[in-house]
Amino acid sequence: MGWLQSIVSKGLGWARKYSLFTYPYATACCGMEYMSVAASRHDISRFGAEFPRFSPRQADLLMVVGTINLKQAPILKRVYEQMAEPKWVVAFGVCASSGGFYDNYAVLQGIDRIIPVDVYIPGCPPRPEQVLDGLMLLQDKIGNQVHRIADREQPNPTAARHDLMLSMNK
Amino acid sequence: MTPTPLSPYLPLAVVLLLAGGMAMLIPQITTRLGPRRPSAIKATSFEAGSESSGPARQRFAVKFYVVALLFIVFDVEAVFLYPWAVNFQALAWFGFVEMLVFAATLVVGLIYIWKKGALDWES
């Protein structure tokens, strides 16, 4: 059964990496660059990821585009939790990756404090080329991941509320 | 095979079989291959990440119904006005008088509901 699993895993990885449905969680100026990536010049549809979905039920790629402050953090966490597996997360820009230059009490110092992140795209904001590079990295990652048949595991873990509060009081 | 009256429909039968087979196969494939990891939070309604503020099936004021009906009436009036305006030259005075009668009927109805207080949103 091992060889069958590995063939199916390869096939599923191939299918999933070229059909990413994005949930653009755009909160700040990186949103402009997201629009630029999606528009015709840079054309994210070349990578099969052109279809933004505004319901987490239909999305498998959560793009966190911009600054996440502490009031947004539980909302972002819930959106992630409501997405169906398989799902991946891209931290778009330095604010989402690490808080950026908002090193203060109001801003989440990186979304990886609450949800697992697959690819970090640096830049303030990142150029569309950087975003496409990040997307290709994510595609490589998805293609090399193990995709199990009839996956009936627990949902992907997120940070509990008290973890979030602890990470704030570092 | 001798041709029967039904034999031209053979391709149709093949298409039906294929379509039915696909319709049964594809949900099976997604169930077998796709992950299924249910959780309580996934089962709750999506309100852009916020807490749900209550059930969607609530009672609405009957005024919305009246407004919707009025909108339809005057929308249909506009639908009739456009072709009349396009053919205004050809229809000439006959069309003009007909349209006046039509619009006047609606105006009478408007005056009636106005008097009845249907447009009074606050009361």
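What this report covers is the structure whose coordinates are included nearby. Note that the coordinates shown come from a computational prediction; the quantities given were computed from them, not determined experimentally. (Residues numbered from 1 in each chain as written. Chains lettered and ligands numbered in written order. Predicted model: local features only at pLDDT ≥ 70, side-chain atom pairs only at ≥ 80, totals over all residues.)

### Topic: the overall build of chain B
A count of helices and strands for chain B gives four helices and zero strands. Starting at the N terminus and walking to the C terminus, you meet the elements of chain B as α-α-α-α. In terms of overall dimensions, chain B is more spread out than a globule: its C-alpha atoms have a radius of gyration of 29 Å, far above the 14 Å expected for 123 residues. Its C-alpha atoms put chain B at 65 × 60 × 20 Å along the principal axes. (Helix = DSSP H or I, 4+ residues; strand = E, 2+ residues; numbered from the N terminus. Rg over C-alpha atoms; globule rule 2.2 N^0.38 Å.)

### Things to note about the pairing of strand 3 (residues 61-65) of chain A
Residue and element names in this part refer to chain A. In terms of burial, strand 3 is largely enclosed, as five of its five residues are buried. Where strand 1 (residues 21-26) meets strand 3, five bridges bridge the pair, whose relative direction is parallel. Bridging from a neighbouring strand, Pro24 pairs with Met63 of strand 3. Alignment of strand 3 against strand 4 (residues 88-92), held across five bridges, turns out to be parallel. Within strand 4, the position partnered with Met63 by the bridge is Val90. You can see the chain leave strand 3, run along helix 3 (residues 73-82) and come back into strand 4, and the turn it takes is right-handed. (Buried ≥ 20, exposed ≤ 12 C-beta atoms within 10 Å, placed from the backbone. Pairing = 2+ DSSP bridges. Right-handed = clockwise from strand over helix to strand, strands pointing away.)

### Regarding helix 5 (residues 128-144) of chain A
All names here are of chain A. Along its 17 residues, helix 5 runs 24 Å from first to last C-alpha, staying within 8% of the 24 Å computed at 1.5 Å per residue. Where helix 5 is concerned, the buried positions are Val131, Gly134, Leu135, Leu138, Gln139 and Ile142. In an axial view of helix 5, the angular spread of the buried residues amounts to 145 degrees, which keeps them on one side of the axis. With respect to the buried face of helix 5, the exposed residues turned more than 90 degrees away are Glu129 and Asn144. (Expected span 1.5 Å × (residues − 1). Arc of directions from axis to C-beta.)

### Focus on the packing of helix 3 (residues 63-86) of chain B against helix 4 (residues 88-116) of chain B
All names here are of chain B. Where helix 3 meets helix 4, the axes come as close as 10 Å, and the angle between the chain directions of the two elements is 165 degrees. Taken together, the axes of helix 3 and helix 4 are roughly antiparallel relative to one another. Our pair here, helix 3 against helix 4, has a crossing hand that is left-handed. The residues of helix 4 that touch helix 3, namely those facing Val73, Glu77, Phe80, Trp84 and Ala85, are Phe88, Leu91, Gly95, Met99, Phe102 and Leu106. Tallied by class, the residues present in the contact of helix 3 with helix 4 amount to nine nonpolar, one polar and one charged. (Axes fitted to C-alpha atoms, helices over the stretch in contact; angles between N-to-C directions. Parallel < 35°, antiparallel > 145°, perpendicular 65-115°, else oblique. Left-handed = near helix turned anticlockwise from the far one by under 90°. Contact = placed C-beta atoms within 7 Å. Nonpolar A, V, L, I, M, F, W, Y, C, P; charged D, E, K, R; others polar.)

Shape descriptors only; they carry no functional weight alone.
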